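Analysis of the macromolecular model
So you can see what is in the structure, the chains are spelled out below.
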Amino acid sequence: MEVHHHSHTVRRSWTHYLWEFFMLFLAVFCGFLAEWKLERTLEHHREKQFIRSLSEDLARDTAHLRYYMRFNKIMLDYCDSVQYCIRNTDIFRNSNKFYDYTKELARFIRYSPTDRTIQQLKHAGNMRLLRWEISNAVTDHDSKSKSLAEMDAQLNEQIIKYREFLIGFLDLSSYDQHNIIGSYMGYDIKTTGNPGYISKDIKMVKMIYNQAFTLKIFIEATEFTANDLLTNTKHLLDLLEKEYHLN
């Protein structure tokens, strides 16, 4: 009886230990599930925050791109105006239009994307929070945006070259004698008095004509890339709305 009682006690102890192990395992597993669920909830919340922020950035970029493209379209017209003026006007006798057109062509604006959210997603390892299709679309958009930024930089380098030719040709002291001093690059100010030039070198006139021709090529290429990016931006915004129901 004692041996039998001893064996029964041992068997009950193993059962007890097994039950305790199961309960401990269950508690740990449930704790893991709760922590996993909380982490997933927090990540989903962060994902929604990033998506809303990205959507706001894209909306700003859409407005900026449209303004950027309108501005460059105007610059294309001034390229034609400068060339037409050189071909059809004796600019050494009647310089007002030449001064007006060439100064407008010397203006530029920069393409400045609102990339704060994309940079946070890329540099903090947060791209993993996004759905696969969205992540690919964001990466593609970022690539197109960088392409436009590079082309914009090249365009503005060309405008700087054009300005250098122009400054070496115009006589702004003569301009200031007939117009409000320092108003040459002012908006909506028409040149009066037919100001002169530093020299009457016809080669300089031809160089400025060529510069306008070159600027036209750069602007047209930039406009093509900007239009592609604008289409891509609209598509990404539609995709974000479809996947996340932002409104």
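As shown above, the structure is provided for reference.
Residues numbered from 1 in each chain as written. Predicted model: local features only at pLDDT ≥ 70, side-chain atom pairs only at ≥ 80, totals over all residues. Heavy atoms only, no water.

So, about the nonpolar core. Grouped burial of nonpolar side chains is what soluble globular proteins tend to show. Of all hydrophobic cores here, the largest spans 36 residues; its most connected members are Phe98, Leu105, Phe169, Leu170 and Ile208. Per-element accounting of this core gives the leading share, 10 residues, to helix α1 (residues 2–88). Those residues in contact with Phe98 that lie beyond four places of it in its chain are Cys85, Ile86, Ile91, Phe169, Leu170, Tyr197 and Ile208. Counting residues in each nonpolar core, the second largest holds 16 residues, with Ile51, Leu58, Leu236 and Leu240 among its members. (Core = buried A, V, L, I, M, F, W, Y, C linked by side-chain atoms within 4.5 Å. Buried < 20%, exposed > 50% of the residue type's maximum accessible area, 1.4 Å probe, protein only. Helix = DSSP H or I, 4+ residues; strand = E, 2+ residues; numbered from the N terminus. Contact = heavy atoms within 4.5 Å.)

Interhelical geometry of helix α4 (residues 132–167) versus helix α6 (residues 202–244) gives an angle of 160° and a closest axis separation of 9 Å. If you check the angle between α4 and α6, you find them roughly antiparallel. Between α4 and α6 lies a crossing whose hand is left-handed. Here the contact of α4 with α6 is composed, by residue class, of 23 nonpolar, 11 polar and 6 charged. (Axes fitted to C-alpha atoms, helices over the stretch in contact; angles between N-to-C directions. Parallel < 35°, antiparallel > 145°, perpendicular 65-115°, else oblique. Left-handed = near helix turned anticlockwise from the far one by under 90°. Nonpolar A, V, L, I, M, F, W, Y, C, P; charged D, E, K, R; others polar.)

Turning next to empty space enclosed by the protein. As enumerated under the stated definition, the model contains 2 cavities of 30 Å³ or more in all. In this model, the largest cavity occupies a volume close to 60 Å³. Lining of the largest cavity is provided by Leu58, Asp61, Pro113, Thr114, Asp115, Ile118, His141, Asp142 and Ser145. Mapped onto the lining of the largest cavity, the elements with two or more residues apiece are α1 and α4. (1 Å grid on protein atoms, 1.4 Å probe; cavity = no way out; pocket = protein on both sides within 12 Å on 5 of 7 lines; lining within 4 Å. Points joined across faces, edges and corners; volume = space filled by probe spheres on them.)

This brings us to the pattern of salt bridges. Applying the stated rule across the entire model yields 11 salt bridges. The partner of Arg116 in a salt bridge is Glu56, and the shortest N-O contact between them spans 3.4 Å. Of the two residues, Arg116 sits in helix α3 (residues 116–123) while Glu56 sits in helix α1, which places them 60 residues apart along the sequence. Arg116 sits in the partly exposed class, given a relative accessible area of 39%. Since its relative accessible area comes to 42%, Glu56 is described here as partly exposed. Note that Asp77 is salt-bridged to Lys73, the shortest N-O span being 3.5 Å. Pair noted here: Asp77 and Lys73 are both in helix α1, with a separation of 4 residues, about one helical turn. Each of the salt bridges in this network shares a partner with another, and the network as a whole consists of Glu56, Asp57, Arg60 and Arg116. (Salt bridge = Lys/Arg side-chain N within 4 Å of Asp/Glu carboxyl O.)

Here the focus is the layout of surface pockets. The space that makes up the largest pocket amounts to roughly 150 Å³. Ala106, Arg163, Leu166, Ile167, Leu170, Leu172, Tyr184 and Met185 together form the lining of the largest pocket. Residues belonging to the lining of the largest pocket are distributed by class as follows: 7 nonpolar, no polar and 1 charged.

Working note: a packed helix pair is described by the angle between its axes plus the distance between those axes. α4 packs onto α3 with a crossing angle of 120° between their chain directions and a minimal axis gap of 11 Å. Compared by their axis directions, α3 and α4 come out oblique. Remark: the crossing between α3 and α4 carries left-handed chirality. Touching Ile118, Gln119 and Lys122 of α3 are Val138, His141, Asp142 and Lys146, all from α4. Tallied by class, the residues present in the contact of α3 with α4 amount to 2 nonpolar, 2 polar and 3 charged.

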